[in-house]
Amino acid sequence: MNGKLSILALTLVGTFLAVSCSNDDDDELIGNWVRVSDLDGKPRSNASAFVVSGKGYITGGYDGEDYYNDLWSYDPNANSWTQKADFPGSKRSSAVGFATNSYGYVGTGYDGLNKLKDFYKYDPSSNSWTQIDDFPGTGRYAALAFGIDNKGYVGTGYDGSELKDFYKYDESASSWTSINSLGGSKRRDGAAFVINNIAYVGFGSNNGSLVSDFWAFDPGSEIWTRKVDTSNDDDNQYRTSPAAFAANGLGYVATGSTSGVGNTTWEYDPSSNDWTQRTSFEGASRESACAFSIGNYGYVLTGNSGSSYFDDIWVFHPNESENDDD
């Protein structure tokens, strides 16, 4: 869900736990990817996504020539897409999207000329957009965002250099506040997912190098706690521009780029604080895809590999074995 929140002076809680990453090539990897209805809109990468009331939404993106502002809704029960009201801001890519219990939000990004900070709320019940207060940080793109209850959190990204600041949007007060910045490296093109109202943030790059520190954010205390790194000497699951989602109390990252675009899938278990490799994404290897979760499944869609842009959407079934006949 490309690319998706908020954070000031940081207090670290707990200890940095050393755990192993599991990747036994002799074991059959678990998880099954199933291709469903392609996006009805144009292929693209760096789109923004959110989920409200069991439906996924995607807007924006870039196809190597054009920027987009069309909004599409995916109904998993009907396995179909419906075009909705266009995003009212300038056409853009690498914006963030998040959702509260009732509304979707999209803002920041890049329109080909400007790093942006305007923000908009989408009401699915009326199929309408309303501009809200601008994001209070610098204009940026390739940031991260996530929603928890009626609050949204936005941070990191690129405004000419990488960032680690975070901000909270309170829907009930219609206002932004600065909160504790991410505890580790500055980054762009990272990943975030939410499990049991705790957000997990990692991946991305800083000054051209991949970062491996991984963090949990508690919205009650607004404190970041460092978790196991996303790489070690034996495994290499860290990357930039991945797709990330949560399902069944576990977090997942798939696709993205290391030295080139990839298709591996890794699962994070917050109870054991470790990473396990799962069945690789079965579409073409890519980066800058977006992702969202609906029910017990994760959805990965769009993205690019070089000058090739995609409009396919794949559903990940975490507890099934790979089935090539899907």
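Located above this text is the structure these notes cover.
Note that the structure is predicted; figures quoted are calculated from it, not measured.

1. Quick notes on the overall build of the chain
Counting secondary structure elements, the chain contains 0 helices and 28 strands. Taking all 326 residues of the chain together, 55% fall into the buried category. If you sum the accessible surface of the chain, you get close to 12,600 Å²; carbon and sulfur atoms cover 40% of it.

2. Observations concerning the environment of tyrosine 103
Locating tyrosine 103 in the fold gives a position in the loop between strand S6 (96–99) and strand S7 (104–110). The spatial distance from the C-alpha of tyrosine 103 to the C-alpha of phenylalanine 50 is 9.2 Å, given a sequence separation of 53 residues. Not counting chain neighbours up to four residues away, the residues in contact with tyrosine 103 comprise Val52, Phe98, Lys121, Tyr122, Asp123 and Glu171.

3. What about the environment of alanine 85?
Here alanine 85 is to be found in the loop between strand S5 (80–84) and S6. In this structure, the C-alpha to C-alpha distance between alanine 85 and tyrosine 122, residues 37 residues apart in sequence, is 9.2 Å.

4. Here's the deal with the sheet that holds S6
If you walk across this open sheet you meet the 4 strands as S6-S7-S8-S9, and the pairing is antiparallel. Looking at which strands have only one partner, the edges of the open sheet turn out to be S6 and strand S9 (128–132). Sheet twist, expressed as the average angle between the axes of neighbouring strands with direction ignored, equals 25°. In this sheet, S7 lies alongside S6 in antiparallel orientation, the contact comprising 4 bridges. Paired with alanine 99 across the two strands is glycine 104, which belongs to S7.

5. Structural notes on the nonpolar core
Among the nonpolar cores identified, the biggest contains 15 residues, and Ile58, Trp81, Cys290, Phe292, Tyr299, Leu301 and Ile313 are the most heavily contacted of them. Sorting the residues of this core by element identifies strand S4 (71–75), strand S24 (290–294), strand S25 (297–301) and strand S28 (313–321) as the ones contributing at least two each. A per-element tally of this core places S24 first, with 3 residues. The next biggest cluster of nonpolar side chains, apart from the first, holds 14 residues, and it includes Phe193, Phe203, Val228 and Val253.

6. Some details on the packing of aromatic side chains
If you walk through the whole model with that rule in mind, you get 42 aromatic pairs. Ring pairing ties together the aromatic residues Phe98, Tyr105, Phe119, Phe135, Tyr167, Tyr169 and Trp176, which thus form one cluster. In this arrangement the basic side chain of lysine 121 is found over the ring face of tyrosine 103, its NZ or CZ atom lying 4.5 Å from the centre. Here arginine 188 stacks its cationic end above the ring of tyrosine 158, 4.5 Å away from the centre of that ring.

7. Here we look at the pattern of salt bridges
Enumeration according to the criterion identifies 10 salt bridges in this entry. Note that arginine 226 is salt-bridged to aspartate 229, the shortest N-O span being 3.0 Å. A salt bridge links arginine 278 to glutamate 267, with the nearest nitrogen and oxygen atoms 2.9 Å apart. Linking arginine 278 in strand S23 (residues 274–278) with glutamate 267 in strand S22 (residues 265–269), this pair joins segments that are 11 residues apart in sequence. With respect to burial, arginine 278 and glutamate 267 carry one shared label: buried.

Reading guide: rules and limits
Residues numbered from 1 in each chain as written. Predicted model: local features only at pLDDT ≥ 70, side-chain atom pairs only at ≥ 80, totals over all residues. Heavy atoms only, no water. Helix = DSSP H or I, 4+ residues; strand = E, 2+ residues; numbered from the N terminus. Buried < 20%, exposed > 50% of the residue type's maximum accessible area, 1.4 Å probe, protein only. Areas by Shrake-Rupley, 256 points an atom, 1.4 Å probe, with all protein chains shown as cover. Contact = heavy atoms within 4.5 Å. Pairing = 2+ DSSP bridges. Axes fitted to C-alpha atoms, helices over the stretch in contact; angles between N-to-C directions. Core = buried A, V, L, I, M, F, W, Y, C linked by side-chain atoms within 4.5 Å. Phe/Tyr/Trp six-rings, centres within 6.5 Å; stacked < 30°, edge-to-face > 60°. Lys NZ or Arg CZ within 6 Å of the ring centre and 35° of its normal. Salt bridge = Lys/Arg side-chain N within 4 Å of Asp/Glu carboxyl O.

Limitation: the analysis is restricted to geometry and does not speak to function.
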